[in-house]
Amino acid sequence: MSDIKEQIFQELDNIENLARNLRSNATLATQQTDLEVAILTKQVKTLREKNESAKQLIEKSVSILEKLKK
């Protein structure tokens, strides 16, 4: 009987360790996702700024070409 109790307690300890590992992995995954989102957000902001700058340069170039055409 004590062997069965000991086995049950060992299994419970194993389950507790697995649950702890799962919680830890879930926390790390959330942090990784947050980091990825922050990086992507920064990249999108940078691309939008570059696109705006490129748009302004194109508009300026078109304006110059139109003036030269006259």
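Since we're looking at a predicted model, the values are computed, not measured.

A.B. asks: Would you mind going over the overall build of the protein chain with me for this structure?
C.D. replies: Within the protein chain, the regular secondary structure consists of one helix and zero strands. Its C-alpha atoms put the protein chain at 105 × 10 × 5 Å along the principal axes. The buried share of the protein chain, reckoned over its 70 residues, is 0%. A total accessible area of about 6900 Å² is found for the protein chain, and carbon and sulfur atoms account for 59% of it. Computing the positive centroid from 12 side-chain charges and the negative centroid from 11, the protein chain places the two 21 Å apart.

A.B. asks: Explain the pattern of salt bridges to me, please; I cannot follow it from the model alone.
C.D. replies: Close approach of charged atoms allows side chains with opposite charge to pair. Throughout the structure, instances matching the rule amount to one salt bridge. The salt bridge partner of E16 is R20, with a shortest N-O separation of 3.3 Å. On the criterion of helical spacing, the pair formed by E16 and R20 is a turn pair, its members being four residues apart in helix α1 (residues 2-69).

A.B. asks: Would you mind going over a nonpolar patch on the surface with me for this structure?
C.D. replies: Together, M1, I4, I8, F9, L12 and I15 line one region of the surface with nonpolar side chains, adding up to about 670 Å² of accessible area. Mapped onto the secondary structure, I4 falls in helix α1. I4 sits in the partly exposed class, given a relative accessible area of 49%.

A.B. asks: For this particular structure, what's the right way to read the environment of L65?
C.D. replies: Here L65 lies in helix α1. Residue L65 is classed as exposed on the basis of its relative accessible area of 57%. Spatially, the C-alpha atoms of L65 and E49 are 24 Å apart, while their sequence positions differ by 16 residues.

What counts, and where the lines are drawn
- Residues numbered from 1 in each chain as written.
- Predicted model: local features only at pLDDT ≥ 70, side-chain atom pairs only at ≥ 80, totals over all residues.
- Heavy atoms only, no water.
- Helix = DSSP H or I, 4+ residues; strand = E, 2+ residues; numbered from the N terminus.
- Buried < 20%, exposed > 50% of the residue type's maximum accessible area, 1.4 Å probe, protein only.
- Areas by Shrake-Rupley, 256 points an atom, 1.4 Å probe, with all protein chains shown as cover.
- Lys, Arg positive; Asp, Glu negative; His and termini not counted.
- Charge placed at Lys NZ, Arg CZ, Asp CG, Glu CD.
- Salt bridge = Lys/Arg side-chain N within 4 Å of Asp/Glu carboxyl O.
- Patch = residues over 30% accessible without salt bridge, like charges linked within 9 Å, V, L, I, M, F, W, Y side chains within 5 Å.

Shape is all these values report; function is a separate question.
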